[in-house]
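# Summary of structural features
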Amino acid sequence: MHTVIIIGGGPAGCEAAYQLASDGIQVHLIEKNNETGGNLNNWYQLFPDRKNAQDLNKRLQEQLNHPGITLHLGMEPSRVEKDGQGRFSVSLSDGSLLEGDALLVATGFKTFDAKRKEEYGYGIYENVVTSVDLENMFRNHAIRTSKGDVPRRIGIIHCVGSRDEKVCNFHCSKLCCITGVKQAIELREMLPESEIFCFYMDMRMFGPGYEEMYREAQEKYNIKFIRGRLSEAAENREHQVQVKVEDTLLGRPLRVTLDLMVLLVGMEASNETQGMARELGVKLAPSGFILPLDPHYGNNLTGEKGVFITGCCSAPMNLTDTLNDARSAAVCITRYLNMK
Amino acid sequence: MNFWGFNISETRSINYDTNDKDMLIHVLQEVPSCKLCIECGGCTAGCTAGRLTSFNIRKLQMFMKRGENKEIREELHKCMLCGKCILVCPRGVDTRKMILSMMKYIKNNQK
Ligand code: SF4
Ligand code: SF4
Ligand code: SF4
């Protein structure tokens, strides 16, 4: 019987583990945290259907009860080696050793550290939060300013840490636009009286139902969209945030005072993704994500035989695409093992 | 003399076929980073000159790209060359160098 070692227990790793195990393959799933789910653990609701994120998480967890899957929680691979027969051995942080016939890297992404964009004031001004912080506020059903008041005016800032040469990220993180629309709607539901703005450069509504959600945000939820990139933010004595953008559709500078500013932080390859790439000698794209062998025929393949990739370690992906990508990786691996 | 009191309005549309793209060719050669603009408005939002006047550097750049050079000739001198716009540009457009290059072109091609 064949064995596959999966590194990373986020949605991609979990789904791939289940698909492989269902095909009769022995799976070792390594996760550095004490629970699986990865970034999904931080999310409140999913777009476009507003499903509770933890329902999906639970379902993925339940699938891991498959007898073919051995879970290694709280573990990190300290060393990965490949022998002449194409077998991998992975040493774990507790000293144990796993052996497998193929390796699947599912080490995912991390969100952009908003402190690196200092002029936006995250960690400096009191009422600047990230989209991740906001998800947490949603889960606690408490949207308040630092003083504990209901924010009467909220601004959501697109492209923070993405499409920005100044922080060395040229890529678009793909999901923040729709996250912004979703969060604007959620804010409106919790705060019916507040004024809610999105400051965007382009609305990238790439998925099924996304454009419809954008339309709904305008029509039903009265979200206001202003086309302009945040240039500067400052804090006033009341700890409100004063922002400056150009209203590019009118061609004039615009100032507005916000009680709460939400930064839609972008996605970067996680440290583990970069570390695994180094360890395994697989190539990185200029974006810092792992470069697949081919964008059409080989998106789960790397230049290294027996090393496969899935999920957001190779590019920003929504959950629909992540789960599909995991299934596609499972198919590639099964085929590879059968030819061995 | 306009005997009838009527005028024929000139068309407002940009005539891309006949517009003069010479300034654009000159500036793109000197400052290739101009090609990278995504019209985000970051430069204009914080522009020192744009705060007090109708000066809009993002729009002037677009006028140049469409060959609408009249507006540029009228407006460009308002820039104070402070360089603030370069600090925010997410695409690394060297806006100040672009402005200098536009100024140089205008000076050398006074009509
Ligand atoms: S998805 Fe939208 S907000 Fe995110 S980087 Fe792309 S354009 Fe910017
Ligand atoms: S250099 Fe000119 S265009 Fe740029 S910010 Fe200063 S005044 Fe505005
Ligand atoms: S900041 Fe840069 S990309 Fe944005 S409008 Fe100005 S020149 Fe263009």
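Above this text sits the structure in question.
Report on the accompanying structure. (Residues numbered from 1 in each chain as written. Chains lettered and ligands numbered in written order. Predicted model: local features only at pLDDT ≥ 70, side-chain atom pairs only at ≥ 80, totals over all residues. Heavy atoms only, no water.)

## Describing the overall build of chain B
Where we set the bar: Under the DSSP-based scheme used, a helix requires at least four consecutive residues in state H or I and a strand at least two consecutive residues in state E, with every element numbered from the N terminus. We call two residues in contact when some of their heavy atoms are within 4.5 Å. Surface exposure here means Shrake-Rupley accessible area, sampled with a 1.4 Å probe, where a residue is shielded only by the protein chains that are shown.
In terms of regular secondary structure, chain B is built from 7 helices and 0 strands. Counting helices and strands in the order they occur from the N terminus, chain B gives α-α-α-α-α-α-α. Counting only contacts in chain B whose residues sit at least 6 apart along the sequence, the fraction spanning at least 24 positions is 68%. Taken as a whole, chain B presents about 6900 Å² of accessible surface, with 55% of it coming from carbon and sulfur.

## Comments concerning the overall build of chain A
Formally: Radius of gyration means the value over C-alpha atoms here, while the globule rule gives 2.2 Å times the residue count to the 0.38 power. When charges are counted, neither His nor the chain ends are considered; positive counts come from Lys and Arg and negative counts from Asp and Glu. Each charge is placed at NZ for Lys, CZ for Arg, CG for Asp and CD for Glu.
Looking only at helices and strands, chain A has 7 helices and 18 strands in total. Compactness check: chain A gives a C-alpha radius of gyration of 22 Å against a globular reference of 20 Å for 340 residues, within 12% of the reference. Along the first, second and third principal axes, the C-alpha set of chain A runs to 65 × 35 × 35 Å. Within chain A, counting contacts between residues at least 6 apart in sequence, those at least 24 apart form 65% of the total. Surface accessibility of chain A: about 15100 Å² in total, with carbon and sulfur atoms responsible for 47%. Distance from the positive charge centre (38 side chains) to the negative charge centre (44 side chains) of chain A: 3 Å.

## Observations regarding the interface of chain A and chain B
Formally: The buried area of a pairing is the accessible area, by a 1.4 Å probe, that goes missing from both parts when the two are put together, added over both. What makes a salt bridge here is a side-chain nitrogen of Lys or Arg within 4 Å of a carboxyl oxygen of Asp or Glu, nothing more. Nitrogen and oxygen atoms within 3.5 Å of one another constitute a polar contact, given that in protein one can donate a hydrogen and the other can accept it, and given that sequence-neighbouring residues count only through two side-chain atoms. Here the nonpolar group is Ala, Val, Leu, Ile, Met, Phe, Trp, Tyr, Cys and Pro; Asp, Glu, Lys and Arg are the charged ones; every other residue, Gly included, is treated as polar.
Counting from both sides, the interface comprises 18 residues of chain A and, opposite them, 21 residues of chain B. Interface of chain A and chain B: buried area, both sides summed, is about 1500 Å²; carbon and sulfur atoms make up 46% of it. The tally of links from chain A across to chain B stands at 2 salt bridges. Here B:Arg58 makes a salt bridge to A:Glu246, at a shortest N to O gap of 2.6 Å. Summed over the shared surface of chain A and chain B, the result is 11 residue pairs in polar contact (both at pLDDT 80 or more). Among the elements of the structure, strand E14 (241-247) and strand E15 (252-258) of chain A are those that each provide at least two residues to the side of chain A that touches chain B. Residues belonging to the side of chain A that touches chain B are distributed by class as follows: 3 nonpolar, 4 polar and 11 charged.

## Points about the side chain of A:Asn300
All names here are of chain A. The following threshold applies: Only protein chains enter the calculation, and the probe is 1.4 Å; a residue is then buried if its accessible area is under 20% of its type maximum, exposed if over 50%, and partly exposed in between.
Of note, Asn 300 is situated in the loop between helix H6 (271-280) and strand E18 (307-309). What makes Asn 300 buried here is its relative accessible area of 1%. Among the polar contacts listed, one links the side chain of Asn 300 to the backbone nitrogen of Ala 329, at a separation of 3.5 Å. Non-local contacts of Asn 300, meaning those with residues more than four positions away in its chain, are made with Val 307, Phe 308, Ile 309, Thr 310, Asp 325, Ser 328, Ala 329 and Cys 332.

## Here's the deal with the site of ligand 2
Residues and elements named next belong to chain B. As a reminder, the rule being used: One heavy atom suffices: a residue is near a molecule or strand as soon as one of its heavy atoms comes within 4 Å of it.
Of all residues adjacent to ligand 2, which total 13 residues, the nearest are Cys 47, Cys 79, Cys 82, Gly 83 and Cys 85. Sorting the residues of the shell around ligand 2 by element identifies helix H3 (48-52) and helix H6 (84-88) as the ones contributing at least two each. Grouping the amino acids of the shell around ligand 2 by side-chain chemistry returns 10 nonpolar, 2 polar and 1 charged.

## So, helix H4 (residues 176-190) of chain A
Counting along an α-helix, one turn takes 3.6 residues, and residues three or four places apart therefore face a common direction. Convention followed: Expected helix span is computed as 1.5 Å times (number of residues minus one).
In this model, H4(A) (15 residues) spans 20 Å end to end at C-alpha, consistent with the 21 Å of a helix rising 1.5 Å per residue. Burial of H4(A) is extensive: 13 of the 15 residues sit out of reach of the surface.

## Details of the state of the cysteines
All names here are of chain A. What counts, and what does not: Counting rule for disulfides: a pair of cysteine sulfur atoms within 2.5 Å.
Taken as a whole, this structure holds 0 disulfides over all chains when the rule is applied. Cys 312 carries a free sulfur, and the closest cysteine sulfur to it, the one in Cys 313, is 8.2 Å from it. Cys 332 forms no disulfide, and the closest cysteine sulfur to it belongs to Cys 313, at a distance of 13 Å.

## As for the packing of aromatic side chains
The cut-off we apply is this: Each aromatic pair joins two rings of Phe, Tyr and Trp (for Trp, the six-membered one) with centres within 6.5 Å, and gets the label stacked for planes under 30 degrees apart, edge-to-face for over 60, and tilted for any other angle. When the NZ atom of lysine or the CZ atom of arginine is within 6 Å of a ring's centre and also within 35 degrees of its normal, the charge is said to sit over that ring.
Taken as a whole and judged by the stated rule, the model has 7 aromatic pairs over all chains. Considering the side-chain rings of A:Phe47 and A:Tyr210, the 5.5 Å spacing of their centres and the 85° angle between planes classify their relative orientation as edge-to-face. Of this pair, A:Phe47 sits in the loop between strand E2 (26-31) and helix H2 (53-63) while A:Tyr210 sits in helix H5 (residues 210-219), and the two are 163 residues apart along the sequence. Take A:Phe47 and A:Tyr210: they sit in the same class, and that class is buried. A ring pair is formed by A:Tyr214 and A:Phe225, whose centres lie 4.9 Å apart and whose planes are at 70°; its orientation type is edge-to-face. Separated by 11 residues along the polypeptide, A:Tyr214 in helix H5 and A:Phe225 in strand E12 (residues 224-227) bring together distant segments of the chain. According to the relative accessible area criterion, A:Tyr214 is buried, its value standing at 13%. With relative accessibility at 17%, the residue A:Phe225 sits in the buried group. Members of the aromatic cluster, joined through ring pairs, are A:Phe47, A:Phe206 and A:Tyr210. The aromatic ring of A:Tyr120 is capped on one face by A:Lys117, whose charged end is 5.5 Å from the ring centroid. Over the ring of B:Tyr16 we find B:Lys21; its NZ or CZ atom is 4.0 Å from the centre of that ring.

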